[in-house]
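Okay, here's what each chain looks like letter by letter:
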Amino acid sequence: MDSTASSLHDLEIGEARPKPRLWPKLLALFVALPLIGFLVLGMLPVKADFLASEGNTGAGDAGAGLNRNFPAMVLRANNPLPTDKNDERVQLGRMLFFDPLLSGGNDISCATCHHPDLGFGDGRGLSMGKDGKGLGAERTGGHVIRRAAPSLWNAAYNHKQFWDGRAEDLEAQAQQPIINPDEMAEDPEKLIQELKQIPEYVQLFDKTFKGANGSAITFDNVAFAIAAFERTLTANNTPFDKYVKGDRNALTPAQIRGFNLFRSGRTRCFECHGMPTFNNRDFKIIGVPEIAGQQPDYGRFDVTKGEGNKYAFKVPTLRNVVLNAPYMHNGRFKTLEEVLDFYAAGGGPGMGFKEPVVDDKIHSYTLSKSEKEDLIAFLYALTDEAKVPEFPAKVPSGLPVVPHLKNAARDLVAKFNTGMPKEVLASRAPQTVRVKAGESIQAALDKAVPGDVIEVEPGIYKEELKNDIANITLRGISFTQEQKVAFANGMTSRPVLDGEGKLSDAMLSTGDNFLMENFDVKNYIANGVMTQHANNVTFRNLYVEKTGLYGTYPVSCTGVTIENVKATGIADAALYVGQSRDIVVRNCEVYGNVTGIEVENSINAVVENNYAYDNSGGILVFVLPNNVSKVGRDCLVRNNRVIENNHLNFGNPNSIVSQVPPGTGILVMAADNTEVTANEIRGNDCYGVGVFSLETTFPKGTAFDVGATPDNTYIHGNSYSNNGKNPAGALVRAGLKGADLVWDLHGWSNRWAESSATSATPVLKAGWPVLARKAYWRVLSWLA
């Protein structure tokens, strides 16, 4: 499972909360319950939890490959996107941004804490507001704010504003520091009166907002102008942007190596700092240590009061990150080297963070000195100050404007971002390229053009492959006659990608129309074959063994086909598809993994004719919170053999997948419109098919950003035998038996047509009228 979900309940996934046995109560109740009671109950309104038919899966919505479109900015209808920096609102907003008049003491401007020369931060750990003297790291004597000043670069793309997301947009963000008694400490009414006493502001506001005699000077219009100005602070033309648009000379070799580390399964940086914004709309728990003497800061929890948000903070953009040290919500780390050390040590838990759960992307790994240097070189490639605003020579109030400040990182930007000379590939037609044993597959990929077919001869290739070109086929080929003779002397039967237990990912591709077939993939520490943000991806005829967390790992893709793949020894999901749409997983064999097949937060999937056995869990279809995709629906699971999935769960104890109980056949959790039919489900010790809500799995009070309840699940026409013979202990403690069918009683629209199956809890029969199903569900919910 791949999720940034919050703290788990102490029960395992698929296990109900402890409750007394239901059957005696049900029997007594239904002997006496008249039919009219059913009808009355059924006619009562029921809160639906169906997800909207629309929904961003992260697939196909923002461009494919590396060159991805930026998301739409969050806008108010009455404050549209500025046309350019000369927009009247922008020019007024720039004056207001630099004018100390906006503070109660007329001594702090927005630029004091969001200084353009400091990456629109303030160079301090914890920011300083009212009564402070000086600028940058030297500012002293004032009210210390509980958090660092976040950068304003690309803040217009943030889903919500502030470290805890308490503001919905830049307009709300602009007003809050002005009135905060510890920050600018201004009274809005006093500010309006001061502005109206300055003729230049009266003229500017009336011209910009169509007023007369100062009528346009309002606190809302102050915020509208500042927000319009802030929406011009975009950094979208970095060396990296030039690279992904086709200028392969834009990055240095060190920056390319750093980028490949950044997007590797070893570091997993890209999964929270996603392209092109290099931030994330969700709030993550990573366990940054508190500042000595500071009260605990619960972050997003202070806004939502949801237990799963305690210690969760916004994922900031990495664009221009080299300019705005120190780092994290409290400025805990002074340098990027310290940040990298923090993550490599396993985040907060590696520094004594005691809360039970951090984001499951947080894990320990090894980085060499040169690898850290490469990562930092890549972060410099995310620098673009072309749109840094001009400082006003003066502002209408006549108060002093902040001076320019020295930022040592600026001197290093030119040193790092030199680009490189590189062989210019002559334009040519697509062709078939042969890679022989002992040669480099990556070398062929580096010279490929769209449409190339790269044929790889049998042999052992100890490489990590990267492909960012569309229309590439990577195909392992069969023996020649001479090779067949050599095979008798120990030669491999087809090409083998071998990570030797040291390399991270066998293949990472972002190109559209990518086909990889006829390979063995073994002994990688992060992932087997991986694709991101691509259209029409096919993995075919692969054997995948011991490749870390995932065997196949397409994420945010449209059009995924995984067929005739055999995978074993995987510490999370052998065949995973996440945040994608239009998926087919068929004719595959998965065994000896934590889970066999997972479809997470995805739309329109068919999982058919697969054989899942001897895993901890066979087939899982689910939705988890805090992912880019907020939907999961329309999955058909049919004609699979799901047999004796009782393997010991060897997942990372800090991961969500470690909570899947051995003996899980098919699990449906929070996904909508899932159909499970014509499967052979046999010998799974916990249950055959389980249908669960997130509310059963996560702590009470958790705030979800997805629909928590599975809706319109249809389980029918499967064959069952010998399931539930040795259920997980928590099921027994809950007073439930293992069985063919287990349901946690969430979702009245779920239905079953399994006349011969055993059931640990009552289920809703498919043939019942809707009113009867609703009524029966209400009774069950009341009893539970």
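What comes next is a walk through the structure.

The rules we used
- Residues numbered from 1 in each chain as written.
- Predicted model: local features only at pLDDT ≥ 70, side-chain atom pairs only at ≥ 80, totals over all residues.
- Heavy atoms only, no water.
- Buried < 20%, exposed > 50% of the residue type's maximum accessible area, 1.4 Å probe, protein only.
- Helix = DSSP H or I, 4+ residues; strand = E, 2+ residues; numbered from the N terminus.
- Contact = heavy atoms within 4.5 Å.
- Core = buried A, V, L, I, M, F, W, Y, C linked by side-chain atoms within 4.5 Å.
- Pairing = 2+ DSSP bridges.
- Phe/Tyr/Trp six-rings, centres within 6.5 Å; stacked < 30°, edge-to-face > 60°.
- Disulfide = S-S within 2.5 Å.
- Axes fitted to C-alpha atoms, helices over the stretch in contact; angles between N-to-C directions.
- Salt bridge = Lys/Arg side-chain N within 4 Å of Asp/Glu carboxyl O.

1. Quick notes on helix α10 (residues 253–262)
Okay, step 1: The element α10 is largely enclosed, with a buried count of eight among its 10 residues.
Okay, step 2: Those residues of α10 that sit buried are Ala254, Gln255, Ile256, Gly258, Phe259, Asn260, Leu261 and Phe262.
Okay, step 3: Buried residues in α10 make contact with α9 (239–244), α13 (369–380), α14 (408–416) and β6 (465–467).

2. With respect to the nonpolar core
Buried together is how nonpolar side chains tend to be arranged in soluble globular proteins.
Okay, step 1: Counting residues in hydrophobic clusters, the biggest one holds 92 residues, and the most contacted among them are Ile441, Leu474, Leu497, Met516 and Leu575.
Okay, step 2: If we ignore the near neighbours within four places in the chain, the residues touching methionine 516 are Leu474, Leu497, Met507, Val521, Val529, Thr538, Phe539, Arg540 and Leu542.
Okay, step 3: In this structure, Val322, Met328, Leu379 and Ala409 belong to the second largest nonpolar core, which totals 54 residues.

3. As for the pairing of strand β28 (residues 687–692)
Each regular strand shows side chains that alternate between the opposite faces of the sheet.
Okay, step 1: By the criterion of burial, β28 is predominantly enclosed, with six of the six residues buried.
Okay, step 2: With five bridges joining them, strand β25 (residues 664–669) and β28 adopt parallel strand pairing. Each residue of the ladder has a partner; that of methionine 669, found in β28, is phenylalanine 692.
Okay, step 3: Pairing of β28 with strand β31 (residues 739–743), which is carried by four bridges, proceeds in the parallel orientation. Bridge assignment links valine 691 to a residue of β31, and that residue is tryptophan 743.

4. Structural notes on unusual backbone geometry
Okay, step 1: Cis rather than trans, the peptide bond between methionine 275 and proline 276 has omega equal to 5 degrees.
Okay, step 2: For proline 276, the position within the fold is in the loop between α10 and β1 (280–285).
Okay, step 3: Following alanine 325, the chain continues to proline 326 via a peptide bond in cis, the omega torsion being 0 degrees.
Okay, step 4: Considering the arrangement of structural elements, one finds proline 326 in the loop between β2 (312–315) and α12 (336–344).
Okay, step 5: In this model, lysine 305 sits at a positive phi of 60 degrees, which is unusual for a non-glycine residue.
Okay, step 6: With respect to the helices and strands, lysine 305 occurs in the loop between α11 (301–304) and β2.
Okay, step 7: What makes lysine 305 exposed here is its relative accessible area of 52%.

5. Brief notes about the packing of aromatic side chains
Okay, step 1: A complete count under the given rule lists 30 aromatic pairs for this structure.
Okay, step 2: Ring plane angle 85 degrees and centroid distance 5.2 Å describe the contact between phenylalanine 120 and tryptophan 153, whose orientation is recorded as edge-to-face. Pair noted here: phenylalanine 120 is in the loop between α4 (110–113) and α5 (170–179) and tryptophan 153 is in the loop between α4 and α5, with a separation of 33 residues, a long-range link. With respect to class, phenylalanine 120 is no different from tryptophan 153; both count as buried.

6. Some thoughts on the state of the cysteines
Okay, step 1: By the definition in use, this model includes zero disulfides.
Okay, step 2: Cysteine 113 forms no disulfide, and the closest cysteine sulfur to it belongs to cysteine 110, at a distance of 9.0 Å.

7. Concerning the sheet that holds strand β19 (residues 595–600)
Okay, step 1: The parallel open sheet is built from 10 strands, whose spatial order is β6-β9-β11-β13-β16-β19-β22-β25-β28-β31. The sheet is open, and its two borders are formed by β6 and β31, each paired with just one other strand. Between one strand axis and the next, the sheet turns by 5 degrees as a mean value, whatever way the strands run.
Okay, step 2: Two strands pair when backbone bridges link them, and strand β13 (residues 550–555) and strand β16 (residues 573–578) are joined in this way by three bridges, in the parallel orientation. Looking at the pairing, tyrosine 550 lines up with alanine 573 of β16.

8. A look at the pattern of salt bridges
Okay, step 1: For the structure on display, the rule yields 42 salt bridges.
Okay, step 2: Here glutamate 171 ties to arginine 231 by a salt bridge, and the two come within 2.9 Å at their closest N and O atoms. One end of the pair, glutamate 171, is in helix α5; the other, arginine 231, is in the loop between α8 (219–230) and α9, and 60 residues separate them in sequence. Both residues of the pair, glutamate 171 and arginine 231, belong to the buried class.
Okay, step 3: For lysine 630, the salt bridge identified is with aspartate 282, shortest N-O distance 2.7 Å. Of this pair, lysine 630 sits in the loop between β22 (617–622) and β23 (633–638) while aspartate 282 sits in strand β1; the two residues are 348 residues apart in sequence, bridging distant segments of the chain.
Okay, step 4: Given a relative accessible area of 4%, aspartate 282 falls into the buried group.
Okay, step 5: A single network of salt bridges, built from pairs that share partners, joins Arg146, Arg147, Asp164, Arg166, Asp297 and Asp302.

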